[in-house]
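# Close look at the chain arrangement
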Amino acid sequence: MERYGVARLLAEPTATAVSGESAKMIVGGEIGVPGGSSCIVFQGGGSQPVCTPSVTFKPYGISLNFTPIVLTEGRIQLHLATEVTEIDLQNSFSYNSVSIPGFKTRKSESTVELPSGGSIATAGLLTQTSAQAITGLPGLINLPILGALFRSRDFQRNETELLIIVTPYIAKAMSAQDVSRPDDGFSEASDPQGWLLGRVNRLYSSPSNPQIVKNFKGRIGFIHD
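Read on for a plain summary of the structure. (Residues numbered from 1 in each chain as written. Predicted model: local features only at pLDDT ≥ 70, side-chain atom pairs only at ≥ 80, totals over all residues. Heavy atoms only, no water.)

Here the focus is the pattern of salt bridges. Should their charged atoms come close, side chains of opposite charge can pair. Taken as a whole, this structure holds 2 salt bridges when the rule is applied. Among the ionic pairs, Arg 106 bridges to Glu 86, the shortest N-O distance being 3.4 Å. Here the residue Arg 106 occupies a position in strand E4 (residues 98–115), and Glu 86 occupies one in strand E3 (residues 75–95), the gap between them amounting to 20 residues. (Salt bridge = Lys/Arg side-chain N within 4 Å of Asp/Glu carboxyl O. Helix = DSSP H or I, 4+ residues; strand = E, 2+ residues; numbered from the N terminus.)

Right under this line is the structure:
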């Protein structure tokens, strides 16, 4: 879906948690909004109290909170809570001459039982926005009756659906010799390949001749990010 332009990947986090414990990840940021205010009153009552407004930071972005419980036969009971918060400047309001933005929030929470490597997909979190704009020549669009000839009206309607896919795995300890580095099997391209073909790594086979790699001896491969 992303390859054909009908979907866009917001985040792809990876987190590890002990069975029965919770883990949380946030991909986004925080924005400051005015909160309450603290005032200092001077003794004697001759001076006006000095008030200092406080700032509360509101998080926004994508948050993932899950609690896994490993069951028998490699099954996982997963409590999953996801939330997507976006800043909505159209629904902002002013408080003490300070503009406070609004927020759009979509939440999903469920508990399922999955095998290790199985996936759960949640959907149905829809967002619909519509806008209307009138454009035209300045001055002429305000003429009675004739102004309709110099202006145009545009309608925009956007619909998005949030799809969340979670795949849990049972992580096991491994020895140091079994750990592979990202550059294992990587071999840099030669200078002519880098200059003329723009390659970063050497290629030892091609779709038209995949068997040529069998005749090569040594470190081969490429980095896949």
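Residue classification places Arg 106 among the buried positions, given a relative accessible area of 14%. In terms of polar contacts, Arg 106 uses its side chain to reach the side chain of Glu 86, at 3.4 Å. Sequence-distant contacts of Arg 106, that is, excluding residues within four places in its chain, are made with Thr 82, Glu 83, Val 84, Glu 86, Leu 125, Thr 127, Thr 160, Glu 161 and Leu 162. (Buried < 20%, exposed > 50% of the residue type's maximum accessible area, 1.4 Å probe, protein only. Polar contact = N/O pair within 3.5 Å; in protein donor to acceptor, adjacent residues only side chain to side chain. Contact = heavy atoms within 4.5 Å.)

In this sheet, E3 lies alongside strand E2 (residues 50–70) in antiparallel orientation, the contact comprising 10 bridges. Residue Ile 62 lies in a different strand from E3, and its bridge partner there is Val 84. The hairpin formed by E2 and E3 contains 4 residues between the paired strands, and Glu 73 there has a positive phi angle of roughly 60°. Looking at chain direction, E3 and E4 are connected through 17 bridges and run antiparallel. Note on E4: the bridge partner recorded for Ile 87 is Phe 103. (Pairing = 2+ DSSP bridges.)

Here the focus is the side chain of Ser 63. Considering the arrangement of structural elements, one finds Ser 63 in strand E2. In this structure Ser 63 touches Met 25, Ile 26, Ala 81, Thr 82 and Glu 83, once residues within four positions along its chain are discounted.

Rolled over the atoms, a probe sized like a water molecule indicates the empty space that remains. Counted as a void, the largest pocket has a volume near 1700 Å³. Breaking the lining of the largest pocket down by element, the ones donating at least two residues are strand E1 (23–40), E2, E3, E4, strand E5 (120–136) and strand E6 (151–166). Tallied by class, residues from the lining of the largest pocket come to 30 nonpolar, 10 polar and 8 charged. Looking at the second largest pocket, its volume works out to about 250 Å³. Surrounding the second largest pocket, 17 residues form its lining, Lys 24, Ile 26, Ser 63, Glu 83 and Thr 85 being those nearest its centre. At 8 residues, the largest contribution of residues to the lining of the second largest pocket is made by E2. Residue composition of the lining of the second largest pocket, by class: 6 nonpolar, 6 polar and 5 charged. (1 Å grid on protein atoms, 1.4 Å probe; cavity = no way out; pocket = protein on both sides within 12 Å on 5 of 7 lines; lining within 4 Å. Points joined across faces, edges and corners; volume = space filled by probe spheres on them. Nonpolar A, V, L, I, M, F, W, Y, C, P; charged D, E, K, R; others polar.)

A few words now on a nonpolar patch on the surface. Together, Leu 137, Leu 140, Leu 143, Ile 145, Leu 146, Leu 149 and Phe 150 make up a nonpolar patch on the protein surface, roughly 710 Å² of accessible area in all. Secondary-structure assignment places Leu 149 in the loop between E5 and E6. Accessibility expressed as a relative area gives 67% for Leu 149, which makes it exposed. (Patch = residues over 30% accessible without salt bridge, like charges linked within 9 Å, V, L, I, M, F, W, Y side chains within 5 Å. Areas by Shrake-Rupley, 256 points an atom, 1.4 Å probe, with all protein chains shown as cover.)

Geometric values such as these leave the question of function open.
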